[in-house]
Amino acid sequence: MEDNHLLVVMPRETGDKENPRLAAVLKRALAQVESHLIYNAEEAETYFLSHPVALGAAFARVLFVVDLGSDGINFELGRLLRVLRRQPHLLEGWLGGVIVDAQSELYTKSVAQELVLAANMSGCAFVGRSIVEGTGSLRNFTVAAHKLGNDDLMAAYVEAACHLVTAVMAFEGHRYSMPKLTVLHASNHKTSNTFALWHAVSAELEGFAVEEIGLRNGAVQDCAGCPYKACLHFGEKESCFYGGVMVDNVYPSIKTANAIVMVCPNYNDAISANLTAFINRLTALYRKRAFYDKALFAVIVSGYSGCDILAKQLVAALNMNKSFYLPGHFAIMEMANDPGTVLQLPGIEQRVQEFAETITRTFRSNE
């Protein structure tokens, strides 16, 4: 597929009525783009299989468009998810974004998380702020409409969709001779399976500058929800009201980094408190500059299950919200309990090497 074409995958069942609001958004968003629409999972699978992207070639571009109606259920999307989950390399070399429309205030973000993770695990990369959501009332566009100088929520919806399509079509990748990785963790060096897995990965990396920052033992005070103007004031100074390690170490490191690596053990099916506080406190810096030019990677280990839950949390918080670029296969996810056992898992050496190669290719491919 030529890199100036956009494949639009819009899962819907035969006989489904057209969503007029979504149709109007797409008409505007795709007006300047050569696009090809696909409506069912089987046709999408056939298309992807017949249009492989060569390693190191320019990205092929895809826009996923999902109509959730009032109940958040799209049966054809379920079939598409099954196709993606069964084929871990189907979307290698593809780059995408997502538009989700619903008649209720619910489900748009959670469904998008599910879709983005499935596509990403199949090799698809996603631009920063990869999702545009049209909730039932469109009140999620209130702030965006104000920034456009009016209260026209539909106009803000259209503007966001147009911006997303432009971003997908314009993105060319990140290439650096000596990429810098900022690694965030809150792990015990001696006992953490997650930290041990990261060190196994980092041992396979060559030509990277790596800075590890530990956030253990309450090192990061969580965001207390300062008024918007106060947060903006400190953000303009690349600072934060609460100071500490975030201002002294984390902000400066992220400013110069080409990617962040989140080292995340699964605590009760959630990102640990200190790493969550880091994400929340990142808002102050985000007030001044977005992170479209930085990639997101993750190392996730769960004692029992639930790695995908943390991966979706990271996708939502840092790709969809904070605008980090999401490379294909952005996370390595393993299950291990007793200290040290993660490096004894069958086939772990190969998976570690593959993840290290993913990080390397992110900055040295698509030339």
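Above this text is the structure in question.
The shown structure was predicted, so the numbers you read here are calculated from the model rather than taken from an experiment.

A. Inspection of the overall build of the protein chain at higher detail. Helix and strand content of the protein chain: twelve helices and ten strands. Here the C-alpha atoms of the protein chain give a radius of gyration of 20 Å, agreeing with the 21 Å that 2.2 N^0.38 yields for 367 residues. Considered along the principal axes of its C-alpha atoms, the protein chain spans approximately 60 × 50 × 40 Å. Going through the 367 residues of the protein chain one by one, you find that 51% of them count as buried. Expressed as a percentage of contacts within the protein chain between residues at least 6 apart in sequence, the contacts between residues at least 24 apart total 84%. Between the averaged position of the 31 positive side-chain charges in the protein chain and that of its 38 negative side-chain charges there is a distance of 7 Å.

B. Summary view of the packing of helix 3 (residues 75-86) against helix 4 (residues 108-121). Running from N to C, helix 3 and helix 4 point in directions that differ by 30 degrees, and their axes come no closer than 8 Å. Judged by the inter-axis angle, helix 3 sits roughly parallel to helix 4. The way helix 3 lies across helix 4 gives a crossing that is left-handed. Every residue of helix 4 that contacts helix 3 at Leu 77, Leu 80, Leu 81, Leu 84 and Arg 85 is listed here: Val 111, Glu 114, Leu 115, Ala 118 and Ala 119. For the contact of helix 3 with helix 4, the class distribution of residues is eight nonpolar, no polar and two charged.

C. Quick look at the packing of aromatic side chains. The final tally for this structure, using the stated rule, is eleven aromatic pairs. Between the aromatic rings of Phe 171 and Tyr 325, the centroid separation amounts to 4.7 Å while the plane-to-plane angle is 35 degrees, which identifies the pairing as tilted. Placement of the pair is Phe 171 in the loop between helix 6 (153-170) and strand 6 (180-185) and Tyr 325 in the loop between helix 11 (307-321) and strand 10 (331-335), with a sequence separation of 154 residues. Summarising the burial analysis for this pair, Phe 171 and Tyr 325 share the class buried. Cluster of aromatic residues (ring-pair linked, three or more members): Tyr 176, Phe 208, Phe 297, Phe 355 and Phe 363.

D. Region of the structure containing the sheet that holds strand 5 (residues 125-134). Pairing is parallel across the open sheet formed by five strands, whose spatial order is 2-1-3-4-5. Each edge of the sheet is formed by a strand with only one pairing partner; in this case those strands are strand 2 (34-38) and strand 5. Strand after strand, the sheet turns through a mean of 20 degrees between neighbouring axes, direction not considered. Relative to strand 3 (residues 60-67), strand 1 (residues 5-9) runs parallel, the two being bridged by four bridges. Residue pairing in the sheet places Leu 7 in a bridge with Val 62 of strand 3. Across the sheet, helix 4 touches strand 3, strand 4 (94-101) and strand 5, and the angle it forms with strand 5 is around 155 degrees. Set on the sheet, helix 6 makes contact with strand 1, strand 3, strand 4 and strand 5; between it and strand 5 the angle comes to about 165 degrees.

E. Focus on the packing of helix 4 against helix 11. Packing of helix 4 against helix 11 leaves a shortest axis separation of 9 Å and a crossing angle of 105 degrees. Judged by the inter-axis angle, helix 4 sits roughly perpendicular to helix 11. Taking contact as the criterion, the partners of Lys 109, Ala 112, Gln 113, Glu 114, Val 116 and Leu 117 in helix 4 are, on helix 11, Asp 308, Ala 311, Lys 312, Gln 313, Val 315, Ala 316 and Met 320. Of the residues that constitute the contact of helix 4 with helix 11, the class distribution is seven nonpolar, two polar and four charged.

F. Molecular detail of the environment of Ile 359. Mapping Ile 359 onto the fold places it in helix 12 (residues 348-364). A sequence separation of 157 residues divides Ile 359 from Ser 202, and the C-alpha atoms of the two residues are 9.9 Å apart. Filtering out sequence-adjacent residues up to four positions away, Ile 359 remains in contact with Leu 181, Val 201, Leu 205, Phe 208 and Phe 297.

G. Quick peek at helix 10 (residues 273-286). In a regular helix each residue adds 1.5 Å, so 14 residues correspond to 20 Å; helix 10 covers 20 Å between its end C-alpha atoms and thus fits that length. Burial of helix 10 is extensive: eleven of the 14 residues sit out of reach of the surface. For helix 10, the full list of buried residues reads Asn 274, Leu 275, Ala 277, Phe 278, Ile 279, Arg 281, Leu 282, Thr 283, Ala 284, Leu 285 and Tyr 286.

H. Here's a closer look at the side chain of Asn 266. Residue position: Asn 266 is located in the loop between strand 8 (259-265) and helix 10. Judged by its relative accessible area of 14%, Asn 266 falls in the buried class. When neighbours within four sequence positions are excluded, Asn 266 is seen to be in contact with Val 301, Ser 302, Ser 305, Gly 306, Cys 307 and Leu 310.

I. The pattern of salt bridges, seen in detail. Here the structure, examined in full by the defined rule, presents ten salt bridges. With its nearest N and O atoms 3.2 Å apart, the salt bridge here joins Glu 211 to Lys 180. Here the residue Glu 211 occupies a position in strand 7 (residues 209-214), and Lys 180 occupies one in strand 6, the gap between them amounting to 31 residues. A relative accessible area of 15% means that Lys 180 is categorised as buried. Salt-bridge contacts for Arg 351 lead to Glu 334; the nearest nitrogen and oxygen are separated by 2.7 Å. Here Arg 351, found in helix 12, pairs with Glu 334, found in strand 10; they are 17 residues apart in sequence, far enough to count as distant. Looking at Arg 351, the relative accessible area reads 30%, which means it is partly exposed.

J. Focus on the pairing of strand 9 (residues 295-302). Among the eight residues of strand 9, eight are classified as buried, and the element is accordingly described as predominantly covered. The alternating pattern of strand 9 places Ala 295, Phe 297, Val 299 and Val 301 and Leu 296, Ala 298, Ile 300 and Ser 302 on opposite faces, both of which are buried. Two strands pair when backbone bridges link them, and strand 8 and strand 9 are joined in this way by seven bridges, in the parallel orientation. Counterpart to Val 263 in the pairing with strand 9 is Val 299.

So, how was this worked out
- Residues numbered from 1 in each chain as written.
- Predicted model: local features only at pLDDT ≥ 70, side-chain atom pairs only at ≥ 80, totals over all residues.
- Heavy atoms only, no water.
- Helix = DSSP H or I, 4+ residues; strand = E, 2+ residues; numbered from the N terminus.
- Rg over C-alpha atoms; globule rule 2.2 N^0.38 Å.
- Buried < 20%, exposed > 50% of the residue type's maximum accessible area, 1.4 Å probe, protein only.
- Contact = heavy atoms within 4.5 Å.
- Lys, Arg positive; Asp, Glu negative; His and termini not counted.
- Charge placed at Lys NZ, Arg CZ, Asp CG, Glu CD.
- Axes fitted to C-alpha atoms, helices over the stretch in contact; angles between N-to-C directions.
- Parallel < 35°, antiparallel > 145°, perpendicular 65-115°, else oblique.
- Left-handed = near helix turned anticlockwise from the far one by under 90°.
- Nonpolar A, V, L, I, M, F, W, Y, C, P; charged D, E, K, R; others polar.
- Phe/Tyr/Trp six-rings, centres within 6.5 Å; stacked < 30°, edge-to-face > 60°.
- Pairing = 2+ DSSP bridges.
- Expected span 1.5 Å × (residues − 1).
- Salt bridge = Lys/Arg side-chain N within 4 Å of Asp/Glu carboxyl O.

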